[in-house]
Amino acid sequence: MGYLDIEHLYFQYSSKRMILKDINLSINQGEWIAILGHNGSGKSTLAKLIVGLLQPKEGRITVDGVDLLPENVYDIRKKIGIVFQNPDNQFVGVTVRDDIAFGMENLQVSKDDMLKKIDFYATKVGMQNFLDKEPSQLSGGQKQRIAIAGILAMQTDIIIFDEATSMLDPGSRAELMEYIKELHQEGLTIIMITHDIEEALYADKLVILKSGEIYQQGDIPTLLKHPEWFKEAYLELPTAIQIYYDLKQAGHDNQELEEYLWAFSSSK
Amino acid sequence: MGIQFKQVNFSYTGMQKGYYEAIKDISLSIESKNEFITLVGQTGSGKSTLAQHMNALVFPTSGTLEIFGKKVTSKRDRHIKYNDIRQKVGLVFQFPEYQLFEETVEKDIMFGPLNFHKTEEEAKVLAKKALQMVGLNDNYLNRNPFNLSGGEKKRVSIAGILALDPEVLVLDEPTSGLDPKGKRQLMDLFKSIQEETGKSIIVITHDMDLVYEYAKRVLVLDKGNLVFDGSPEVLFRMNDLSKFHLDYPQTIRVLKGINERFNLSIDIYQKTVHDATAAIKRGLNS
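Residues numbered from 1 in each chain as written. Chains lettered and ligands numbered in written order. Predicted model: local features only at pLDDT ≥ 70, side-chain atom pairs only at ≥ 80, totals over all residues.

> Quick question: what am I supposed to make of the overall build of chain A here?
Each helix and strand in chain A was counted, giving eleven helices and ten strands. Taking 268 residues into account, the globule formula puts the C-alpha radius of gyration at 18 Å, and chain A, at 20 Å, falls close to it. Dimensions of chain A, computed from C-alpha atoms along their principal axes, come out at roughly 65 × 45 × 30 Å. Buried residues in chain A amount to 45% of all 268 residues. The contacts of chain A with a sequence gap of at least 6 include a subset with a gap of at least 24, amounting to 65%. (Helix = DSSP H or I, 4+ residues; strand = E, 2+ residues; numbered from the N terminus. Rg over C-alpha atoms; globule rule 2.2 N^0.38 Å. Buried ≥ 20, exposed ≤ 12 C-beta atoms within 10 Å, placed from the backbone. Contact = placed C-beta atoms within 7 Å.)

> Would you explain the interface of chain A and chain B in this entry?
Often, the extent of an interface is quoted as the loss of accessible area on bringing the components together. In this assembly, 33 residues from chain A lie in contact with 39 residues from chain B. Elements represented by at least two residues in the side of chain A that touches chain B include exactly α5 (140-153), α6 (170-185), α10 (239-249) and α11 (255-264) of chain A. The greatest single-element share of the side of chain A that touches chain B, amounting to six residues, is contributed by α10(A). Residue classes in the side of chain A that touches chain B are distributed as twelve nonpolar, 17 polar and four charged. (Nonpolar A, V, L, I, M, F, W, Y, C, P; charged D, E, K, R; others polar.)

> I tried to follow the sheet that holds strand β4 (residues 58-63) of chain A on my own but got confused; where do I start?
Strand pairing in a sheet relies on backbone hydrogen bonds. The paired strands run either parallel or antiparallel. Residues and elements named next belong to chain A. The strand order across the open sheet formed by four strands is β2-β1-β4-β5, and the pairing between neighbours is antiparallel. Every other strand in the sheet has two partners, leaving β2 (18-27) and β5 (66-67) as the edge strands with one partner each. Sheet topology places strand β1 (residues 4-12) next to β2; six bridges connect them, and they run antiparallel. Of the residues in β2, the one forming a bridge with Ile6 is Leu25. (Pairing = 2+ DSSP bridges.)

> Please explain the sheet that holds strand β10 (residues 213-218) of chain A as it appears in this structure.
Residues and elements named next belong to chain A. The strand order across the open sheet formed by six strands is β6-β7-β8-β3-β9-β10, and the pairing between neighbours is mixed. The sheet is open, and its two borders are formed by β6 (80-83) and β10, each paired with just one other strand. Mean inter-strand twist for the sheet, computed between neighbouring axes without regard to direction, equals 20°. Alignment of strand β3 (residues 32-37) against strand β8 (residues 189-194), held across five bridges, turns out to be parallel. In the strand pairing of β8, Trp32 is matched with Ile190. (Axes fitted to C-alpha atoms, helices over the stretch in contact; angles between N-to-C directions.)

> I'm lost on the pairing of strand β7 (residues 158-162) of chain A in this one. Help?
Each regular strand displays side chains that alternate between the two surfaces of the sheet. Residue and element names in this part refer to chain A. Most of β7 is tucked away: five of the five residues are buried. Neither face of β7 is exposed, since Ile158, Ile160 and Asp162 on one face and Ile159 and Phe161 on the opposite face are all buried. Sheet topology note: the β6/β7 ladder contains four bridges and is parallel. Paired with Gly81 across the two strands is Ile159, which belongs to β7. In this structure, β7 lies alongside β8, joined through five bridges in parallel fashion. Looking at the pairing, Ile159 lines up with Ile190 of β8.

Printed below as a string of structure tokens:
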């Protein structure tokens, strides 16, 4: 039993096609899992099921031993937060301060406590000087950090990042990834939904979804040894690993260089 | 002809603290034919605002814009038909797939041409042609756009703009939300449209790998200023792109790492994995 367990999960919208089929996944506290999949593989649907925004057709999800049901979805949200793709769609406050407060307001945190927490978590994400700013004065990366501060203030155990960096410029994106790394080192459990393998390389464990099913899962070096799996799942390998296989195919043997190319993709 | 910016400024009026300058003193010329431009820069650097000027969707606060011979300034001129500009320069918004609304793909694509006073028959012909241009066959005409995949929806919405037969096509982050394969397919599509029709294409993106592989010309915006206008080859030879919140393409990063680690002098400026591999082989043999 992990902290988050998904057992025989099936999901479909009203149409006939099953979006997720027999998903089994167990996530321990403190882990960093990347869920990688092509467009339409069902990865964002899975994220929505885990936070109770959608209800499974079959199967169960348990968080910290408690079944996720419509009646206790608010309790579960105290344990799992989610950061979405588009920073503009999740900025709900008029100012940064209001935005960080939003999640806590739903949890009936006292006013004094809330103000303290806003300051604390804004400082934590490095945005303490922006509390009175409006969203239009922030970059995409800054908005995503505010979204994270709002979730951290709710003191959840898990944060799901649902393609949270895909709309960011390269600078903000690298910054956000480094920041997530810090949070993980502090013990937060991370579920990262992405179709970018370079980003997935930060994780401890990789789950590959293909057409609604878990196609492969395991540690990253093991999966990277099977380029055919990535091809089958309509995914790309990291550039350094692509070069590695390309050199190998051309009959080139240089052990040191090969080791370097592998290290390049695992040094995240 | 084409699009000329002359010292164009644009300011948004904020809710508090006065205004905020989105683009500053932009002077720039875009040819009406054969351009393949990528527009890059930090989120909030003014890319979308610049793109929205290109078809007179927004008007400069100061400075002059000339779009296919028509002058656009801060004051609306009632003698100018701004709609003509919008036919010459087609703008595809971010997440255009959210704007599909008709019950069939055909009707959705016909919407633009009908608005521009084409007859029902003409619009049908244009829709069919536009759908072919985005690589979807006639079977899609009667399908419901809501049942299509994300990539297909994007193609249908791009077809909706292509059906107006614009001379210049401007796309605001068309690849966002697509997986790597989808991104590449869409960029290949733009490249083939560009080569076959000669239309100029301008793409906003954050993906440096795509910039390096596809662009003939790159515009870099930083806090509203145009700080670079040139080829990707020149851009990625510059030091310290992080000051513009940009990064280097993966091939360059890997090859640079190899040179440093093994004290080699491989030519690091390679656009594809195959070229990178070939360069490594040459570097090791010399």
